[in-house]
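# An overview of the molecular structure
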Amino acid sequence: MDKVPVFDSVDRSALDSQTQISCLEQDILRYEEKIRRLEENIYSLRISRRVVMSMLEALQQDHAQQQQRWQDERGRMQRRSVALAKRLLQANTRLQDLEEKSGRGGII
């Protein structure tokens, strides 16, 4: 940031009162300008913060939704695995029964 000097390089004690007042007015104008720029920066930072917070909230919502989709998919996959295992067990049991009936008695 711009550095605003408190005193110019001129020794103000040697200046007449009108010149000192003029220098003080210039200092005041410089400080007011610096304050205005700082206020603009603060405003910009606040807007940026709001944007970032909105983006963060959106990301968190997306993350939560994605986690829910994964949990749902995991549940579906587990149910399908259980159903497939049951079908395989039933098919294996039927196959063993058929082999026993046919007299082969082989191990699968």
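Placed above this text is the structure.
Remember, predicted model here, so these are calculated numbers, not experimental data.

Rules used in this analysis
Residues numbered from 1 in each chain as written. Predicted model: local features only at pLDDT ≥ 70, side-chain atom pairs only at ≥ 80, totals over all residues. Heavy atoms only, no water. Helix = DSSP H or I, 4+ residues; strand = E, 2+ residues; numbered from the N terminus. Buried < 20%, exposed > 50% of the residue type's maximum accessible area, 1.4 Å probe, protein only. Areas by Shrake-Rupley, 256 points an atom, 1.4 Å probe, with all protein chains shown as cover. Salt bridge = Lys/Arg side-chain N within 4 Å of Asp/Glu carboxyl O. Patch = residues over 30% accessible without salt bridge, like charges linked within 9 Å, V, L, I, M, F, W, Y side chains within 5 Å. Expected span 1.5 Å × (residues − 1). Polar contact = N/O pair within 3.5 Å; in protein donor to acceptor, adjacent residues only side chain to side chain.

Here we take up the overall build of the protein. In terms of helices and strands, the protein carries one helix and zero strands. Classification of the 108 residues of the protein by burial places 6% in the buried group. When the accessible surface of the protein is split by element, carbon and sulfur atoms take 57% of a total near 9,900 Å².

Here we come to the pattern of salt bridges. Pairing between side chains of opposite charge can happen when the charged atoms of each approach one another. Overall, the coordinates contain five salt bridges when judged by the stated rule. A salt bridge links Glu33 to Arg36; the shortest N-O distance between them is 2.3 Å. A residue pair is termed a helical-turn pair when its members lie 3 or 4 positions apart in one helix, as Glu33 and Arg36 do in helix H1 (residues 17-102) at three residues. Exposure remark for Glu33: the relative accessible area of 32% places this residue in the partly exposed category. In this structure, Arg37 and Glu33 form a salt bridge, with 3.7 Å as the shortest nitrogen-oxygen distance. Of this pair, Arg37 and Glu33 both sit in helix H1, four residues apart, which is roughly one turn of that helix. Overall, Arg37 belongs to the partly exposed group, its relative accessible area being 27%. Residues joined in a network through salt bridges with shared partners are Glu33, Arg36, Arg37 and Glu40.

The grouping of Tyr43, Ile47, Val51 and Met55 at the surface amounts to a nonpolar patch, some 400 Å² of accessible area in total. Looking at where Met55 falls in the secondary structure, it is placed in helix H1.

A rise of 1.5 Å per residue sets the reference length of H1, with its 86 residues, at 128 Å; its end C-alpha atoms lie 124 Å apart and thus fit the reference within 8%. When H1 is considered as a whole, its buried residues turn out to be Cys23, Asp27, Gly75 and Glu99. Backbone geometry just after H1 places Gly103 at a positive phi near 90°.

It is worth spelling out the environment of Gln66 at this point. Turning to its location among the elements, Gln66 is positioned in helix H1. For Gln66, a relative accessible area of 24% corresponds to the partly exposed category. At 2.7 Å, the side chain of Gln66 and the side chain of Arg69 are in polar contact.

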